[in-house]
Amino acid sequence: MTSAATKTDKAHIIVFGNEKGGSGKSTSAMHTAIALARLGYNIATIDLDARQGTLTRYMQNRMNYSDETYHKVPLPPHRAISQSIKENTAEQKAEERFFIETALYELTPAHDFIVIDTPGTDNHLSRLGHSCADTLITPLNDSLVDIDVLARIDPKTHEIVQPSVYTLMVEEQNLQKIEDGGLPMHWIVMRNRLSRQNTKNSQTVGRILEKLSNQLGFELVPGFGERVIFRELFLKGLTLLDLKEEETPLTLSQLAARQEVRQLICAIGPEKIKGYAKPPTG
Ligand SMILES: Nc1ncnc2c1ncn2[C@@H]1O[C@H](COP(=O)(O)OP(=O)(O)O)[C@@H](O)[C@H]1O
Ligand SMILES: [Mg+2]
């Protein structure tokens, strides 16, 4: 499959992907988009999981919050792309490719970064989304079960038995991107919902992921802890980067969560990709 972004690759595309639902794709996509916007970059977002529509609703909630409270918050332009309902598979695929290419064509010239959220299932839209990734971020719940999305692991030795279908799909999209003349994608895996207790299970997950990171070629970053604030902010459409300390003092957990988001942004390295942006005033 050729990359859907080959004709319009001016903006740097950050894709959030993991074939498992509930791993934190939409939450981290929203936080990344707003953190980058607050740094002064021009951001647009695309939801390829329009059926679930979490990122789309997050953005709607944000718009409502801004309208109702008159608080000026960055509101990146957003597109929701649904699966094609054409009956014929070839036509379906062609239409979905057209949807994505059109959105990228419109959004790319005026934006530094486009943040794309993908569904937690393997479908054509998700594959197309992955094929556009300059940076791919895979949030992973901190459990041995969730590692399965990257590779099958021998339960006794914890050695890799074989890469997962998802990993093979990522490798395939990456090779295609290089063949099309693009740069290799930067694959980041972030642990999500890390428990504050450093349990034996969590240590084992860490060790396996370190090993996988060397063998599969992704960068492993610490990610977000298990924190209620990530769930609470959804209804207001806000992120941790929107909370102003002068209005309500942040709790230690909220400050730590905000730091975790900043660490993810450091791993993306926007200044290396687009140079330093001029933060918005006010
Ligand atoms: N670090 C976290 N701490 C607490 N809850 C989280 C965290 N990350 C995600 N969640 C919650 O987990 C659920 C699934 O997250 P979501 O971002 O929708 O995952 P996905 O997009 O991969 O399906 C949501 O209710 C979200 O608020
Ligand atoms: Mg989602």
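Heads up: these notes are all about the structure in this document. Computed from a predicted structure; not experimentally measured.

What counts, and where the lines are drawn
- Residues numbered from 1 in each chain as written.
- Chains lettered and ligands numbered in written order.
- Predicted model: local features only at pLDDT ≥ 70, side-chain atom pairs only at ≥ 80, totals over all residues.
- Helix = DSSP H or I, 4+ residues; strand = E, 2+ residues; numbered from the N terminus.
- Rg over C-alpha atoms; globule rule 2.2 N^0.38 Å.
- Buried ≥ 20, exposed ≤ 12 C-beta atoms within 10 Å, placed from the backbone.
- Contact = placed C-beta atoms within 7 Å.
- Axes fitted to C-alpha atoms, helices over the stretch in contact; angles between N-to-C directions.
- Parallel < 35°, antiparallel > 145°, perpendicular 65-115°, else oblique.
- Left-handed = near helix turned anticlockwise from the far one by under 90°.
- Nonpolar A, V, L, I, M, F, W, Y, C, P; charged D, E, K, R; others polar.
- Near = placed C-beta within 6 Å.
- Pairing = 2+ DSSP bridges.
- Core = buried A, V, L, I, M, F, W, Y, C linked by C-beta atoms within 7 Å.

## Comments concerning the overall build of the protein
Part 1: For the protein, the count of helices and strands is 10 helices and 9 strands.
Part 2: Computed over C-alpha atoms, the radius of gyration of the protein comes to 19 Å, within 12% of the 19 Å expected from 2.2 N^0.38 for 282 residues, which places it in the range of a compact globule.
Part 3: Structurally, the protein occupies a C-alpha span of about 50 × 50 × 35 Å along its principal axes.
Part 4: Taken over 282 residues, the protein has a buried fraction of 41%.
Part 5: Residue pairs in contact within the protein that sit at least 24 positions apart in sequence constitute 78% of those at least 6 positions apart.

## Topic: the packing of helix α3 (residues 89-107) against helix α4 (residues 124-131)
Part 1: With their axes 10 Å apart at the nearest point, α3 and α4 run at an angle of 40° to one another. With respect to each other, α3 and α4 are oriented oblique. Seen from above, α3 lies across α4 with right-handed handedness. Residues Lys93, Glu96, Arg97 and Ile100 of α3 form the contact with α4, whose own contacting residues are His124, Leu125 and Leu128.
Part 2: Taken together, the residues of the contact of α3 with α4 break down into 3 nonpolar, 1 polar and 3 charged.

## Observations concerning the site of ligand 1
Part 1: In the vicinity of ligand 1 lie 17 residues, with Gly24, Lys25, Ser26, Thr27 and Phe224 positioned nearest.
Part 2: At the level of secondary structure, the elements contributing two or more residues to the shell around ligand 1 comprise α1 (25-38) and α8 (228-232).
Part 3: Of the residues contributing to the shell around ligand 1, the split by class is 3 nonpolar, 9 polar and 5 charged.

## Some details on the sheet that holds strand β4 (residues 113-117)
Part 1: The sheet built from 7 strands is open, its strands ordered β3-β2-β4-β1-β5-β8-β9 with parallel pairing. The strands lining the two open edges of the sheet, one partner per strand, are β3 (78-80) and β9 (219-221). Taking the axes of each pair of neighbouring strands and ignoring which way they run, one obtains an average angle of 20° across the sheet.
Part 2: In the sheet, strand β8 (residues 186-192) pairs with β9 via 3 bridges, with the strands oriented parallel. Bridging from a neighbouring strand, Val189 pairs with Leu220 of β9.
Part 3: Against the sheet, α1 engages β1 (12-16), β2 (43-47), β4, β5 (135-141) and β8, with an angle of about 165° to β4.
Part 4: Each of β1, β5, β8 and β9 is contacted by helix α9 (residues 252-268), which is oriented at about 165° to β9, the strand it contacts most.

## Comments concerning unusual backbone geometry
Part 1: Positive phi values are uncommon outside glycine, yet Tyr70 reaches one of about 60°.
Part 2: Within the fold, Tyr70 resides in the loop between α2 (54-69) and β3.
Part 3: The phi angle at His158 is positive, at roughly 65°, despite the residue not being glycine.
Part 4: The exposure class of His158 is partly exposed, given the 13 C-beta atoms found within 10 Å.

## Considering the packing of α1 against α9
Part 1: Orientation of α1 relative to α9, taken along the N-to-C sense of each, is 75°, at an axis distance of 10 Å. Our classification of the angle between α1 and α9 gives roughly perpendicular. Counting all contacts with α1, which are made through Ser28, His31, Thr32, Ala35 and Leu36, the residues of α9 involved are Val261, Leu264 and Ile265.

## Section: the nonpolar core
Part 1: Counting residues in each nonpolar core, the largest one holds 62 residues, and the members touching the most others are Ile114 and Ile116.
Part 2: The dominant element in this core, judged by the number of residues it contributes, is α1, at 7 residues.
Part 3: When residues no more than four places from it in sequence are discounted, the contact partners of Ile116 are Ile13, Val15, Phe16, Ile46, Leu48, Gly129 and Cys132.

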